[in-house]
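Tertiary structure, described
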Amino acid sequence: MPVPPEPVLRAAVRWLEKLPASGVARVRALFTTHSDFSDLTPTQYDAAYIWIREAGLLEDLRSRVPVQCRVFDAAMAYSGVPWFQDADRLVRRPDELPEDALRAAEALGLTHEEAYAQVHAVWGKVDTEERSRIGSAGELALLELLSASADGRVEHVAAWSDGYGYDIFVDADRLSAHLEVKTTTRRGRLTVYISRNEYETMLRDPAWELVTVRLTPELKITAVAAVPKKWIAAHVPSDRTVRGRWESCRLDIPSEVPVAGIPSLAPILAETAPPLLTGMTAP
């Protein structure tokens, strides 16, 4: 779905301004009979109402966020604009805003700087929610795969606490593994976020390993790989003084860095373990 046209965006603002004080029928009658609102057609008002309902804007009509910002945010996040999921990389300055974002900003009376700030604010919120959803799905998919394939005890410790510094614990007679799982549904980009606690756990825990899981949009697991500790250590930030300390960072991992499968678990994987875990090509 593209960004709604300018008349629909303007109509959406009017709906959100009037609905807190009146019901839908009365506001619709106002729009269709009062000369102050005759610059837009009843069809445009109806299209705007359907859109704000589908975008969830009717759920908090008394929000303190200005209505123009709420409408702009929804136009970016819920209209399926193709660039939005990579806005952190594609839009780094106001003059890099795509044309559809600029048109929406103009229709809503936002400056380029305000539009830029809103794009990154709403991208951050959507990205955080999506990472949480995808991350949980990846952990559970890998947990199921390991439970069926590893000769040992497999526990989802992240379900108990986020303080361990890893998500999955594998314990067998011959070895233990502490797996920090990062998940993506993207094929051309592998970006992960690592916390200070996860990184410091890596430094002191020889059993710690960063494992990446790739899922389809339907949340089916399609690839598993391990990221070498040396690469991680070489790319995290450095604290310059005792007065400044990083708590989390983003790592953009090149496609050639991860090693297919989970090599450290090879000694305890069953002979029937799938190639996803062994890193071996399926016959």
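Structure: see above.
So, here's what we can say about the structure. (Residues numbered from 1 in each chain as written. Predicted model: local features only at pLDDT ≥ 70, side-chain atom pairs only at ≥ 80, totals over all residues. Heavy atoms only, no water.)

This part takes up the overall build of the protein. Within the protein one finds 10 helices and 8 strands. Relative to the 2.2 N^0.38 estimate, which gives 19 Å for 283 residues, the radius of gyration of the protein is 24 Å and therefore markedly larger than a compact globule would have. Per-residue burial for the protein yields a buried fraction of 46% across its 283 residues. With the model as given, the accessible surface of the protein reaches about 15,600 Å², and the carbon-plus-sulfur share is 52%. (Helix = DSSP H or I, 4+ residues; strand = E, 2+ residues; numbered from the N terminus. Rg over C-alpha atoms; globule rule 2.2 N^0.38 Å. Buried < 20%, exposed > 50% of the residue type's maximum accessible area, 1.4 Å probe, protein only. Areas by Shrake-Rupley, 256 points an atom, 1.4 Å probe, with all protein chains shown as cover.)

Turning next to the pairing of strand β6 (residues 221–227). Looking along a regular strand, one sees the side chains alternate between the two faces of the sheet. Counting buried residues in β6 gives 5 out of 7 residues, a clear majority hidden from the surface. One ladder, built from 6 bridges, connects strand β5 (residues 208–215) with β6; its direction is antiparallel. Bridge assignment links Val213 to a residue of β6, and that residue is Val224. Where β5 folds back on β6, the antiparallel hairpin that results is connected by 5 residues, among which Leu219 adopts a positive phi of roughly 70°. Across 2 bridges, β6 lies against strand β8 (residues 259–260) in antiparallel orientation. (Pairing = 2+ DSSP bridges.)

In terms of burial, helix α4 (residues 67–77) is largely enclosed, as 10 of its 11 residues are buried. Within the span of α4, buried status applies to Val67, Cys69, Arg70, Val71, Phe72, Asp73, Ala74, Ala75, Met76 and Ala77. As for α4, its buried residues are in contact with α1 (6–18), α3 (42–54), α6 (99–108) and α7 (112–149). (Contact = heavy atoms within 4.5 Å.)

One pass over the structure, following the stated rule, counts 21 salt bridges. The salt bridge partner of Arg189 is Asp88, with a shortest N-O separation of 2.7 Å. Of this pair, Arg189 sits in the loop between β3 (176–184) and β4 (191–195) while Asp88 sits in helix α5 (residues 87–90); the two residues are 101 residues apart in sequence, bridging distant segments of the chain. (Salt bridge = Lys/Arg side-chain N within 4 Å of Asp/Glu carboxyl O.)

Core analysis: the biggest nonpolar cluster contains 44 residues, and Leu9, Trp15, Trp51, Phe72, Met76 and Trp83 have the highest contact counts within it. For this core, the elements supplying multiple residues, two or more each, are α1, α2 (24–33), α3, α4, α6 and α7. It is α4 that provides the largest number of residues to this core, a total of 8 residues. Sequence-distant contacts of Leu9, defined by excluding residues within four places in its chain, comprise Val3, Pro4, Trp51, Val71, Ala75, Ala104, Ala107 and Leu108. Core analysis: the next-biggest nonpolar cluster, separate from the first, contains 27 residues, Leu143, Leu179, Val211 and Leu265 among them. (Core = buried A, V, L, I, M, F, W, Y, C linked by side-chain atoms within 4.5 Å.)

Glancing now at the sheet that holds strand β2 (residues 168–171). Strand order in the open sheet formed by 6 strands is β1-β2-β3-β5-β6-β8, with mixed pairing between adjacent strands. Each edge of the open sheet carries a strand with a single partner, namely β1 (153–156) and β8. As defined by bridge partners, β3 adjoins β5 across 7 bridges and the pair is classed as parallel. Looking at β5, one finds that His178 is bridged to Trp208. Packing of α7 onto the sheet brings it into contact with β1, β2, β3, β5 and β6, and relative to β3 it is tilted by some 140°. (Axes fitted to C-alpha atoms, helices over the stretch in contact; angles between N-to-C directions.)

Take the side chain of Lys182 next. Note that Lys182 resides in strand β3. According to the relative accessible area criterion, Lys182 is buried, its value standing at 11%. Within the local environment of Lys182, its side chain forms a polar contact with the backbone oxygen of Tyr193, the two atoms lying 2.6 Å apart. For Lys182, the contacting residues outside a window of four places in its chain are Val192, Tyr193, Ile194, Glu198, Leu210, Val211, Thr212 and Val213. (Polar contact = N/O pair within 3.5 Å; in protein donor to acceptor, adjacent residues only side chain to side chain.)

Within the secondary structure layout, Val213 lies in strand β5. Between the alpha carbons of Val213 and Asp151 there is a distance of 21 Å; along the sequence they are 62 residues apart. Among all residues touching Val213, those that are not within four sequence positions of it are Gly138, Leu142, Val181, Lys182, Thr183, Thr184, Ile221 and Ala223.

So yeah, pure geometry; function would need other evidence.
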